[in-house]
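# A closer look at the structure
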Amino acid sequence: MIELLLVGFFGACIGSFSSMLLYRLPEMRTNKSLTLSSPRSYCPHCQSSLNLWMLLPIFSFLIQKGKCLYCSQRINSSYLINELVHISIILLIALNVGINCIGFIYYLIFTIFYILFFLDLKHLFLPIYLNVSLILIGLLINVVFNIFTSYQEALLGLVAGFGSLWFINALFKIIKSKDGIGGGDFILLGGLGSIFGISSLGPIILLGSSFSILIYTLSDRTKREEIPLGSGLILGAIFFYLIQNIFI
Ligand SMILES: [Zn+2]
């Protein structure tokens, strides 16, 4: 029980860290004075720096009833939601996979998926360092632990995942003289291929493109001109994994 409480607390910290990344990574592209560590986290309304315990929205929502301690403005509930999702997922992994190295890898992959999903959804931004981390994690876990597939499948998945979207985009570019698919999407599909293997790519692309179109259809068209393919591919990969492991 103590172990699960500690795991939940760790999930809450990473949930809070994810909120910070989702806010700062897109901003850092234009605001060069902003880094991951500076300035310290602050209230977006009154700019007051937050104390250590205020960084965990679950505590600040309980104690301050969802309002800033300094200016009493309401805190955006997405911070609390990020934290609750992370706590739920890390506990699900701890109970089903175990509190061990493999469980940690599952949670690490989930966290990168989570950040990439929302960055692409809101900003069509798939940072190369997160995409490349997925490729490295995929190759490492399948070469060393054979967690999701064999290392041959993982290597072929990387090449085919990257190559297939690159090829489609190259054809599009010849016909339309502009890019049809963002470069981040090629690397992301390469990463998904290296985690789940080449045979997963067909279902992931099929599910992923359906989810992307669904997101586009449900979005406000006045604000969205491009389809967030990366977000769809991530949902496709998660559904592919769940279908394969839970329902079959
Ligand atoms: Zn404030």
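What you see is a predicted model, and the numbers here were worked out from it, not measured in a lab.

Rules behind the numbers
Residues numbered from 1 in each chain as written. Predicted model: local features only at pLDDT ≥ 70, side-chain atom pairs only at ≥ 80, totals over all residues. Heavy atoms only, no water. Donors = N, O, S within 2.8 Å, 3.2 Å for Na, K, Ca; no water. Tetrahedral: all angles 85-135°; square planar, octahedral: opposite > 155°, others 65-115°. Helix = DSSP H or I, 4+ residues; strand = E, 2+ residues; numbered from the N terminus. Buried < 20%, exposed > 50% of the residue type's maximum accessible area, 1.4 Å probe, protein only. Domains from an automatic or database assignment. Buried area = accessible area lost by both parts, 1.4 Å probe. Salt bridge = Lys/Arg side-chain N within 4 Å of Asp/Glu carboxyl O. Polar contact = N/O pair within 3.5 Å; in protein donor to acceptor, adjacent residues only side chain to side chain. Nonpolar A, V, L, I, M, F, W, Y, C, P; charged D, E, K, R; others polar. Axes fitted to C-alpha atoms, helices over the stretch in contact; angles between N-to-C directions. Parallel < 35°, antiparallel > 145°, perpendicular 65-115°, else oblique. Left-handed = near helix turned anticlockwise from the far one by under 90°. Contact = heavy atoms within 4.5 Å. Phe/Tyr/Trp six-rings, centres within 6.5 Å; stacked < 30°, edge-to-face > 60°.

This part covers the coordination of the zinc ion. Tetrahedral coordination by four donors puts the ideal angle at the metal at 109.5 degrees, and octahedral coordination by six puts it at 90 or 180 degrees. Within the protein, the zinc ion binds to Cys 43 (SG), Cys 46 (SG), Cys 68 (SG) and Cys 71 (SG); these donor distances fall in the range 2.3 Å. Each of the four donor atoms bound to the zinc ion contributes to angles spanning 104 to 116°, and the resulting shape is tetrahedral. All donors to the zinc ion come from one chain, and their sequence spacing reads C-x2-C-x21-C-x2-C. Here Cys 46, found in the loop between helix 1 (2-28) and helix 2 (57-64), pairs with Cys 71, found in the loop between helix 2 and helix 3 (77-96); they are 25 residues apart in sequence, far enough to count as distant. Since its relative accessible area comes to 27%, Cys 71 is described here as partly exposed.

So, on to the domain arrangement of the protein. Assigned domains of the protein: these are domain 1 (1-99) and domain 2 (102-248). Between domain 1 and domain 2, the C-alpha centre-to-centre distance is 26 Å. Between domain 1 and domain 2, a total of about 1500 Å² is buried, with carbon and sulfur atoms accounting for 79% of that surface. Taken together, the connections running from domain 1 to domain 2 amount to zero salt bridges. If you look at where domain 1 meets domain 2, you find two residue pairs in polar contact (both at pLDDT 80 or more). Sort the elements by how many residues they give to the side of domain 1 that touches domain 2 and helix 1 lands first, with nine residues. Looking at the side of domain 1 that touches domain 2 residue by residue, the classes come out as eleven nonpolar, six polar and one charged.

Time to look at the packing of helix 1 against helix 4 (residues 101-123). It is the contact of helix 1 with helix 4, at a shortest axis distance of 10 Å, that shows an interaxial angle of 30°. The angle between helix 1 and helix 4 places the two elements in the roughly parallel class. For the pair helix 1 and helix 4, the crossing hand works out as right-handed. Here Phe 10, Gly 11, Ile 14, Gly 15, Ser 18, Leu 21, Leu 22, Leu 25 and Pro 26 of helix 1 come into contact with helix 4, specifically with Phe 104, Tyr 107, Thr 111, Tyr 114, Ile 115, Phe 118, Leu 119 and His 123. For the contact of helix 1 with helix 4, the residue count by class is twelve nonpolar, five polar and no charged.

Opposite charge on two side chains permits pairing when their charged atoms draw close. Following the criterion strictly, the structure yields one salt bridge and no others. Across the pair Asp 179 and Lys 173 runs a salt bridge whose closest N-O atoms are separated by 3.6 Å. We classify Asp 179 as partly exposed; its relative accessible area is 48%.

What the rule picks out here adds up to 13 aromatic pairs. Between Phe 110 and Tyr 114, the aromatic rings sit 5.6 Å apart at their centres with planes inclined by 45°, giving tilted as the arrangement. One end of the pair is Phe 110 and the other is Tyr 114, both in helix 4 and four residues apart, which spans about a single turn. Of the residues examined, Tyr 114 reaches a relative accessible area of 9% and is grouped as buried. Ring centres 5.0 Å apart and planes at 90° place the aromatic pair Phe 117 and Phe 118 in the edge-to-face group.

With that settled, the discussion passes to the packing of helix 4 against helix 7 (residues 183-196). At their nearest, the axes of helix 4 and helix 7 sit 13 Å apart, and the two run at 160° to each other. Between helix 4 and helix 7, the angle falls in the class roughly antiparallel. When you trace helix 4 past helix 7, the crossing you get is left-handed. For the pair helix 4 and helix 7, contact is made by Ile 109, Phe 113 and Leu 116 and by Leu 188, Leu 192, Ile 195 and Phe 196, respectively. In the contact of helix 4 with helix 7, the residues fall into seven nonpolar, no polar and no charged.

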